[in-house]
Structures are given as structure tokens and as C-alpha cells.
Amino acid sequence: MSTEATDHVLPTTEFQSEVKREVKDKLEAVLDPCSCMSEHPVSIVDLGLVDDIEWDEASKTVTVHLLLTSQRCTYFLDIDDEICERVGELPAVSDVEVHQVTSGEIWTADRMAEDERQARRERFERRIEEADITPYAERSE
């Protein structure tokens, strides 16, 4: 898949195939719909939703495998449509398929790009400080 040490696609993932590199670039522009409801939209690549990108040169078909944050994601069709539209713009691509990973693997925040995970943590800490709350139970001796 990639030269990255993870088992999914991140912004730092490098592909040998030019088409796969172009596909990844297109996917970095696809925003997670749920994150768009916040002040900080996150791409599906930064969020770690892209499990794999397959390129079949013979059929000119790209297959994007997604591991969603929920198997019941109501925005899958919207994400699918946007991926097909963006990736379908590539001259080398004739067909785009989007598959949801249903292997039983569960998405966790560990799949996120490190810088995005850190930014998320900083936003959380800033919000709890602004609200003057203690998010964690204090230990009593």
C-alpha cells in the first residue's frame, strides 16, 4: 500500500503510483461531514477514514476503502458522492468505487494524523479552560 508505517492512509503516506498520489490529493479535499458542523472541518485523510486506495490500471478503476467512525454513518452516501466526483475528475480514471470496511475493525482517534489529533486536544483543553470546568475527576487520598 504505502511506505508509511500505518495500515491506513494519512497525509504523510507516500505511494509509488502517480495515480494513487493524485487520488490521495483529491481525498485530502473531501471533508468529514460531521466535522463540518464544527468550526474545524477535517479531511477524511486527516481523520484517518481512508483505509486503502486501490488502482486497477487495466480497467482504470480506483477503489477507495473507508473505515468510518460509525458503521451506521448517515453521511456515507454524501462522502461516496464527493469522492466519486473529485477522483472521477482525474484524466487517468474511468471508474471510482467506494467501499465501507466492514471487517469489524473499529475507528479510534489513533488513526488521525498526529498534527490533527494534537490540534483536537488543544481545542478541547482551551474549551474546558474557557468554561472553567475540570473534565477529569480529582483523586482523593
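Residues numbered from 1 in each chain as written. Predicted model: local features only at pLDDT ≥ 70, side-chain atom pairs only at ≥ 80, totals over all residues. Heavy atoms only, no water.

### Quick word on the layout of surface pockets
Item 1. Here the largest pocket defines a volume of roughly 330 Å³.
Item 2. What lines the largest pocket is a set of 21 residues, among which Ser35, Ser38, Val42, Arg120 and Arg123 lie closest to the centre.
Item 3. The greatest single-element share of the lining of the largest pocket, amounting to five residues, is contributed by helix 3 (residues 114–130).
Item 4. Classifying every residue of the lining of the largest pocket gives 12 nonpolar, four polar and five charged. (1 Å grid on protein atoms, 1.4 Å probe; cavity = no way out; pocket = protein on both sides within 12 Å on 5 of 7 lines; lining within 4 Å. Points joined across faces, edges and corners; volume = space filled by probe spheres on them. Helix = DSSP H or I, 4+ residues; strand = E, 2+ residues; numbered from the N terminus. Nonpolar A, V, L, I, M, F, W, Y, C, P; charged D, E, K, R; others polar.)

### Focus on the sheet that holds strand 2 (residues 61–66)
Item 1. Spatial strand order, 1-2-3: three strands in an open sheet with mixed pairing. Strands with a single pairing partner mark the edges of an open sheet, and in this sheet they are strand 1 (50–56) and strand 3 (95–100). If you compare each strand with its neighbour and ignore which way they point, the axes differ by 15° on average.
Item 2. Direction of pairing for strand 2 relative to strand 3: parallel, over a ladder of six bridges. By the bridge assignment, Leu66 is partnered in strand 3 with Gln100. (Pairing = 2+ DSSP bridges. Axes fitted to C-alpha atoms, helices over the stretch in contact; angles between N-to-C directions.)

### Looking at the pattern of salt bridges
Item 1. For the structure shown, the criterion picks out seven salt bridges.
Item 2. Linking Glu89 and Lys26 is a salt bridge whose minimum nitrogen-to-oxygen distance equals 2.9 Å. Here Glu89, found in the loop between helix 2 (76–88) and strand 3, pairs with Lys26, found in helix 1 (residues 18–27); they are 63 residues apart in sequence, far enough to count as distant.
Item 3. Of the residues examined, Lys26 reaches a relative accessible area of 24% and is grouped as partly exposed.
Item 4. For the salt bridge of Glu114 with Arg117, the shortest nitrogen-to-oxygen distance reads 2.4 Å. (Salt bridge = Lys/Arg side-chain N within 4 Å of Asp/Glu carboxyl O. Buried < 20%, exposed > 50% of the residue type's maximum accessible area, 1.4 Å probe, protein only.)

### A few points about the pairing of strand 1
Item 1. Of the strand pairs in this sheet, strand 1 and strand 2 are connected by six bridges, and their pairing is antiparallel. When the bridges of strand 2 are listed, Glu54 appears paired with Thr63.
Item 2. Hairpin connection of strand 1 to strand 2: four residues between the antiparallel strands, including Lys60 at a positive phi of 60°.

### Re the environment of Ser94
Item 1. Within the fold, Ser94 resides in the loop between helix 2 and strand 3.
Item 2. In this structure the C-alpha to C-alpha distance between Ser94 and Glu114, which are 20 residues apart in sequence, comes to 33 Å.
Item 3. Apart from residues no more than four positions distant in its own chain, Ser94 is found in contact with Ser59 and Lys60. (Contact = heavy atoms within 4.5 Å.)

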